[in-house]
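Next come the chains, spelled out residue by residue.
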Amino acid sequence: MSQLPPAHQSPQDPNAAIPVSEPGFEVHVQDYWAKNSGLILGGLALVVVAIIGWQGWQYFQASREQDIRAEYAKVGDQTAKLASFASEHSGHTLAGVARLRLADERYAAADYKQAATLYTQAAESLDNDVLLGRAKLGAAISQINGGDQAAGEASLKAASTDSKLAPGARAEATYHLATIALDAGKTDEAKKLADEVSKIEATGPWAQRATMLIASLPGAAKPATAGAGFKLGN
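Residues numbered from 1 in each chain as written. Predicted model: local features only at pLDDT ≥ 70, side-chain atom pairs only at ≥ 80, totals over all residues. Heavy atoms only, no water.

Novice: It is not clear to me how helix H2 (residues 79–88) should be interpreted in this structure. Could you clarify?
Specialist: Think of an α-helix as 3.6 residues a turn; residues three or four steps apart then line up on the same face. Turning to H2, its buried residues are Leu82, Phe85 and Ala86. The arc that holds the buried residues of H2, viewed along the axis, is 95°, so those residues lie on one side. The outward face of H2, more than 90 degrees from its buried face, is lined by the exposed residues Ala80, Ser87 and Glu88. (Buried < 20%, exposed > 50% of the residue type's maximum accessible area, 1.4 Å probe, protein only. Helix = DSSP H or I, 4+ residues; strand = E, 2+ residues; numbered from the N terminus. Arc of directions from axis to C-beta.)

Novice: Where do I start with the confidence of the model for the protein chain in this structure?
Specialist: Caution applies to low-pLDDT regions: their predicted coordinates should not be interpreted in detail. The predicted model of the protein chain averages 77 in pLDDT, with 65% of residues at 70 or higher. When mean pLDDT is compared element by element in the protein chain, helix H6 (residues 149–160) scores highest at 95, while helix H1 (residues 25–75) scores lowest at 62. Long-range and interchain partners of residues 221–234, a stretch whose pLDDT sits below 50, account for 1 contact in this model, where long-range means more than four residues apart. (pLDDT = per-residue confidence, 0-100. Contact = heavy atoms within 4.5 Å.)

Novice: How should I be thinking about the packing of aromatic side chains in this particular structure?
Specialist: Within the structure shown, the criterion is met by 2 aromatic pairs. On the numbers, 5.2 Å between centres and 70° between planes, the contact of tyrosine 107 with tyrosine 112 is edge-to-face. For tyrosine 107, a relative accessible area of 29% corresponds to the partly exposed category. On the numbers, 5.3 Å between centres and 45° between planes, the contact of tyrosine 175 with tryptophan 206 is tilted. A residue pair is termed long-range when its members are at least 10 positions apart, and tyrosine 175 in helix H7 (residues 167–183) and tryptophan 206 in helix H9 (residues 205–216) qualify at 31 residues. (Phe/Tyr/Trp six-rings, centres within 6.5 Å; stacked < 30°, edge-to-face > 60°.)

Novice: How do you make sense of unusual backbone geometry when you look at a structure like this?
Specialist: Trans is the common state for peptide bonds, and a negative phi is the common state for residues other than glycine. Despite not being glycine, alanine 110 shows a phi value in the positive range, around 65°. Considering the arrangement of structural elements, one finds alanine 110 in the loop between helix H3 (93–108) and helix H4 (112–123).

Novice: Please clarify how the nonpolar core should be interpreted in this entry.
Specialist: Taken as a class, soluble globular proteins show a tendency for nonpolar side chains to be buried jointly. Ranked by size, the top nonpolar core spans 44 residues in total, and within it Tyr72, Phe85, Leu126 and Leu156 carry the most contacts. Take this core: its biggest share by element is 8 residues, from H7. (Core = buried A, V, L, I, M, F, W, Y, C linked by side-chain atoms within 4.5 Å.)

Novice: Where do I start with H7 in this structure?
Specialist: The end-to-end C-alpha separation of H7 is 24 Å, in line with the 24 Å expected for 17 residues at 1.5 Å each. Taken as a whole, H7 has its buried residues at Ala169, Ala171, Ala173, Thr174, Tyr175, His176, Leu177, Ala178, Thr179, Ile180 and Ala181. Buried residues along H7 sit in contact with helix H5 (129–145), H6, helix H8 (187–200) and H9. Trailing H7 by a residue or two, glycine 185 shows a phi angle of about 80°, which is positive. (Expected span 1.5 Å × (residues − 1).)

Novice: Looking at this structure, I do not really get the pattern of salt bridges. What am I missing?
Specialist: Any two side chains of opposite charge can pair, given that their charged atoms come close. Evaluation of the coordinates by the stated rule reveals 4 salt bridges. The salt bridge involving aspartate 104 is made with arginine 134; its shortest N-O contact spans 2.6 Å. With a gap of 30 residues between them, aspartate 104 in helix H3 and arginine 134 in helix H5 connect regions that are remote in the sequence. Judged by relative accessible area, aspartate 104 falls into the partly exposed class, the value being 25%. (Salt bridge = Lys/Arg side-chain N within 4 Å of Asp/Glu carboxyl O.)

Novice: Help me understand the packing of H6 against H7, please; the structure alone is not making it clear to me.
Specialist: The packing of two helices is summarised by the inter-axis angle and the distance between the axes. Across the interface, H6 lies against H7 with an axial gap of 8 Å and an inter-helix angle of 140°. As summarised for this structure, H6 and H7 are arranged oblique, according to the angle between their axes. Every pair of crossing elements has a handedness; the one defined by H6 and H7 is left-handed. On H7, the residues touching Gln149, Glu153, Leu156, Lys157, Ala159 and Ser160 of H6 are Arg170, Ala173, Thr174, His176, Leu177 and Ile180. Here the contact of H6 with H7 is composed, by residue class, of 5 nonpolar, 4 polar and 3 charged. (Axes fitted to C-alpha atoms, helices over the stretch in contact; angles between N-to-C directions. Parallel < 35°, antiparallel > 145°, perpendicular 65-115°, else oblique. Left-handed = near helix turned anticlockwise from the far one by under 90°. Nonpolar A, V, L, I, M, F, W, Y, C, P; charged D, E, K, R; others polar.)

Next up, the structure:
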């Protein structure tokens with residue numbers, strides 16, 4: 001005798017519940033891509049354009065740098081063209097070097113006011129600590145020699161404490177301040193500044209000059225001579 005299947009298992013039952021499956025991860029991705037593909041592709045295009053633009057800018061900068069160096073090499077031994085080169089490429093390091101050379105020539109010709117101007121302009125384009133120190137010291141000494149003592153001393157004080165400068169430049173600036181103080185009769189200040197020189201650069205030539213300056217100050221201890229302090233019979 002055959003048995004009928006249970007009612008809940010009957011495939012012909014129109015009221016039987018049909019299980020619903022949740023869409024998989026792939027379906028969600030496809031749906032998201034369908035809705036946002038334009039935005040995504042547009043963003044990728046912008047990234048590609050930015051990368052190409054940056055690489056193009058880098059290439060342009062490198063090419064321009066080579067051109068400037070080549071141009072400086074051509075005019076480097078022609079003083080008359082250095083000024084034009086410096087003006088045309090103002091802000092570039094080589095423009096600073098060009099103005100530094102022009103300043104040296106004006107200083108040698110005792111044209112201290114023009115030298116001070118050129119040294120100051122050179123310093124604005126230089127980032128090498130040694131060359132920057134030369135420019136700032138040149139401006140300060142030119143100001144003093146040109147009759148502007150106050151501006152020169154202020155420039156020396158600024159250079160003395162400028163951490164961007166090489167120790168040798170800072171030591172030289174401090175030494176000049178010490179000699180100025182000594183000439184003005186400010187012995188204690190001169191000694192203090194001379195001591196500071198050795199702290200900035202202990203073994204440099206300016207430290208040696210500072211030591212000699214201290215030894216020349218009134219009341220400074222003098223080197224002992226042979227037999228000094230001894231008496232016959234002691």
